[in-house]
Structures are given as structure tokens and as C-alpha cells.
Amino acid sequence: MAETSPGRVAPEQRETWTHNTGFILAAIGSAVGLGNIWRFPGVAYESGGGAFLIPYLVALLTAGIPILFLDYAIGHRYRGAAPLAYRRMRKGMEPLGWFQIMLSFVISVYYAAVIAWSLSYFVFAFDLRWGEDTAGFFVGEYLQVGDPEVSTTIVSAVAIPLVLVWLAVLVILALGVANGVQKVNMVFIPLLAVAFAGLVVRALTLDGAMDGLDAFFTPDWGALTDLSVWIAAYSQIFFSLSIAFGIMVTYASYQRRKANMTSSGLVVAFANSSFELLAGIGVFATLGFLAFQQNVAIDELEGLTGPILSFVTFPAVISQMPGGNIFGIVFFASLVMAGFTSLISILLGVAATVQEKFGLSRRAAAISVSAVCAVISIGLFSTTSGLLALDTVDQFANNVGIVLSAILMTVLVVWVVRKGELLRSHLNAVSTFPLGRWWLALLGIVSPVFLLVMLGQKLVSLIQDGYEGLPAWYIGVFGWGTIAFVSVMAVVLAALPWKGRDEPDFRPWPALEEEHRS
Ligand code: PFF
């Protein structure tokens, strides 16, 4: 039996999004984040400019959307945050759920730090406090980056906004899915769309904007033969769509049982990529203006990626722009809104997991998870050595951890526990956009093969060349250590006894014949 008529829905106690728009906006809120504004433009520019759109689209269509659907199917059918959902699929799968959630946890602690910086810069934008030397201000005066690679000196200018971010996370999580997370997204996402559209329109009217777009879109076809460009495209898609982190599994688990999952997924993926492209256009139009002001070509500009782009180069442009402080205020407010809605999605995944595994109340889970994350995040990333640690952890979590997670997930679900056909029937039973067997071919063959080759290449390059010339012990602790920590914790946490309601009588809905065959 391929398709089933869904039949009657059994009542359930699990909290749900109150309407489909709530789910879609929350899922867009998770996807659209710092990754779109702070990561994509620089990655695209460095990896072939216009030509990058090819690996980007290939990654989106062959892995991004298929894995997004897989996340949705698992969460929606098995109705739990990742560890519970995987456990209900097959008991031995629980560690995979923990692996994904631990990876999310690692990301959340540094992601919050970047939101805290954005919050500070939002305030600085009112009087352009960064002055003329924006690099000196960011690294020296603000972050107070010091000599030792590891330091315990806390910088209060970073720690204070970071505490505020964690308090806000705590309140939203304690309010729950419908009253907390959904409401924040219903307000922030439309606001963000308007704010960002305003920024892009303003950027496009600046002198030099078109040269910026030229630099961004001019394809360097040679880049397509470089495997690292493809890795960058896949990592960007995973991070940007929030997939293979267990987070979309959790979000889908709160979706009502009768809900059109695949069509919603297409809306989310399309909205995310549109926003990403728009951010690329806005950022490069603005950089075109900077190049015009300095009378240089775009490729002579420095600091076009990562934190430096948003916190050094952008402030410099803002200072030179007529009406720059308004642009700055809106830009940093957009970063805060985009980042915050993503951060709460990550933390909802972690808190729901703790709640389900240890049988805690929603509030107790929210408080304990926010407190632990806040302490780690303040201890590691508001110190004078935070910037370096952040960059190294980001590199390993996103280029190694998440690729590994996607490989494990696709191979185990399709080939080991053999639930691919069942999950396809599930999605088709509830959705209007039907998935053919091509979906399973992409998940079971195309994605893992591509991803394995890329992971192999990345590992070889990290082992042979290290990262950014950092000493081996540092890469060992913050880079490989991150991967080891996530893996060990996944096994240990899965091995702990399940204290929450395990519901041995849990029945997935709709009942499907494939369930008995797999
Ligand atoms: N998708 C978010 C962004 O693009 O910034 C980041 C993110 C959110 C990554 C949720 C992972 C995740 F589970």
C-alpha cells in the first residue's frame, strides 16, 4: 500500500503550533538567521561568486530539501524531540538524536555570543560609537582580544548583553511552543522582512552599488572544480536550513497531526534561499559603495567574511553613508531578530530533549538548559580569547560535525532501519506535494555519496594543513575536541535510563502497512 487515507486523528496531549502559518513562520525563523546575513554573502563571494549559485542550488535540491523533508517526517510521525523520535523509530537509534542535539547545543553557545555582539552594535549605531578605526574598535576596545590563546578574563561589555540574550531565551522557552516561540516568530519574522527589504532598497541606491553586484555575481567558473567550494555549499545549506541538527525534527513534532508537511517545507526552503540571496545583494551593494568611496576595486577590500564583515567592514561603511546611523540601527536590529529566532529554535530542541528524557516539567527544562548554556557561553565566549575559540568551534561543528550527522542520518534511516518507504508514505498521506521514489534515491544514494567524498576531503585537509595556522594542541582541544565531546556525550546520554514518559503504547499516526514490513 503506497498511500493511505489518514483516517481519524487520535487525540493527543502534546503541545502544538496553533496554526500552519505559526509553524511555517517559526520554521522560517529558525532557518533565516546569522547564517543568511553573516555567513552566506562572504562564503558565496569567496567560493566563486556567481558560479557558487550552481553548487548552492545542487546542494539545495539534492540534499537540502530532501533532508528537510526527512527531518519533518521523523518528527511528525514519531512526535518527539530528536532522541525520542529516533528511539521510537528503533531503540538503538537514540544516540543519533543525541549527536544532533549535542551539536545544536555546541552551536547555541557561540551563536548567542554573536547575537550579543549584534545587540551591542545596535546600541553603538545610534552615535556611531565605533569611530574611524572599526577593526581596532571591534577587536581591541570591544572584544579586548588579548595575547594568550586561552584566557579567563571576562569582558563585561560582551557578558552583559549575553546575559540578556539568555534571559530572553529562558522566558520564551518557559512560555512554551504556542505562547512563546510561535508568538515571537509571528512578530519578528514579518518585521525582519520589512526591515531587510528597506536595507536592500537603500543599499541599491548607493553610489557604486552596481559594481558591488557585479563583483558578487561575476562567476569564477574555475571554482566549480574545487571540491572545497562544494563542501562550502553543502555546509551552508545545512546550517542555513537548520537541517540534520535535530531541530526541524523537534519543530515538526509540535505540528498538528493533520498538517501539510511537504508543501510547508517548500515554502520554508524557498523563503530561506530568497532571504539569503537578498542578503547577498544587500551586502554587496553596500560593499560596492565602500569601494567607490575608497576608490578601489571590490576585490581590494579586506574583511569580506564572517564576523569581520558584519562588525568591522559594515560599521566602516555605515559611518560613511549619509543617514548611516539609521541604516546601522536597522541592520543590527535585523541581525538580532534573525539570530534570536534561530537561537530559540536550537534551544527548544535541547530543552524539549531534556524534558522528555529526564521527565522534567517544561519550566524546569527551560531553566536548567538556559542556565547551563549561559554559563558555558559566557565562560568561553565573553573572554578575551572568545573570538578565536568561536571561529574554531564553528569551523569543526559546521564542516565536520553536521556533514557527519547528515551521513549517519540518511544511511541509518534508509539502509539500516529501512524506514525510508514508511516515511515517504507518511509524508504523502498528510501532504499535497507528493514525494516519488526519487526522494529515497536522493536520500539513500546521492546525498551520502556526495557527503562522504566531501567529508573525506575535509578531514584530509584539516589533518594535513591544520586550520588557520593554529597550534596543534589548540585545534585538538577546540576543533577535534568538539567532535569528540559531541560523540561521547551522545553515547553516554543515550545510555542513561529514560526517566520521562516513554509511552510504550505510543502509536504513530496514520497507521501504515509499511510499519509492519520494516
Ligand atoms: N539556520 C540558522 C542560520 O542560518 O543562522 C542557524 C541554525 C539554526 C543552525 C538552527 C542550526 C539550527 F539547528
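Each value, and the rule that gives it
- Residues numbered from 1 in each chain as written.
- Predicted model: local features only at pLDDT ≥ 70, side-chain atom pairs only at ≥ 80, totals over all residues.
- Heavy atoms only, no water.
- Salt bridge = Lys/Arg side-chain N within 4 Å of Asp/Glu carboxyl O.
- Helix = DSSP H or I, 4+ residues; strand = E, 2+ residues; numbered from the N terminus.
- Near = heavy atom within 4 Å.
- Polar contact = N/O pair within 3.5 Å; in protein donor to acceptor, adjacent residues only side chain to side chain.
- Areas by Shrake-Rupley, 256 points an atom, 1.4 Å probe, with all protein chains shown as cover.
- Nonpolar A, V, L, I, M, F, W, Y, C, P; charged D, E, K, R; others polar.
- Contact = heavy atoms within 4.5 Å.
- Patch = residues over 30% accessible without salt bridge, like charges linked within 9 Å, V, L, I, M, F, W, Y side chains within 5 Å.
- Phe/Tyr/Trp six-rings, centres within 6.5 Å; stacked < 30°, edge-to-face > 60°.
- Buried < 20%, exposed > 50% of the residue type's maximum accessible area, 1.4 Å probe, protein only.

(A) Spatial organisation of the pattern of salt bridges. If you walk through the whole model with that rule in mind, you get seven salt bridges. Between Arg-14 and Glu-356 there is a salt bridge, and its shortest N-O distance comes to 3.1 Å. Residue Arg-14 is located in the segment before helix H1 (20–31), and its partner Glu-356 is located in helix H13 (residues 324–358); the two are separated by 342 residues in the primary sequence. Ionic pairing is found between Glu-94 and Lys-357, a salt bridge with its closest N-O pair at 2.8 Å.

(B) Highlighting the site of the ligand. Taken together, 15 residues sit near the ligand, with Ala-31, Gly-35, Tyr-111, Phe-239 and Ile-247 positioned nearest. At a separation of 3.0 Å, an oxygen atom of the ligand approaches a polar backbone atom of Ala-31. Considering the ligand on its own, with 340 Å² of exposed area, one finds that the protein chains cover 100% of that surface. When the residues that make up the shell around the ligand are grouped by side-chain class, the tally is seven nonpolar, eight polar and no charged.

(C) Region of interest: the environment of Ser-151. Residue position: Ser-151 is located in the loop between helix H6 (134–142) and helix H7 (156–204). Measuring from C-alpha to C-alpha, the distance between Ser-151 and Leu-380 comes to 8.8 Å, with 229 residues separating the pair along the chain. Those residues in contact with Ser-151 that lie beyond four places of it in its chain are Thr-383, Thr-384 and Ser-385.

(D) Representation of a nonpolar patch on the surface within the structure. A contiguous nonpolar surface patch, about 530 Å² in accessible area, is contributed by Leu-227, Trp-415, Val-416, Ile-445, Val-449 and Val-453. Of all the secondary-structure elements, those providing two or more residues to the nonpolar patch are helix H15 (386–416) and helix H17 (437–465). The biggest single contributor to the nonpolar patch is H17, with three residues. Take Ile-445: it is sitting in helix H17.

(E) Fine view of the packing of aromatic side chains. For the structure on display, the rule yields 38 aromatic pairs. Judged by centre distance (5.4 Å) and plane angle (10°), the ring pair of Phe-138 and Phe-311 falls under stacked. Residue Phe-138 is found in helix H6, and its partner Phe-311 is found in helix H12 (residues 306–320); the two are separated by 173 residues along the sequence. Ring geometry for Phe-396 against Trp-480: centres 5.0 Å apart, planes inclined by 75°, an arrangement best described as edge-to-face. Here the residue Phe-396 occupies a position in helix H15, and Trp-480 occupies one in helix H18 (residues 472–495), the gap between them amounting to 84 residues. The buried category is assigned to Phe-396, whose relative accessible area is 0%.

Purely geometric numbers; function is a separate question.
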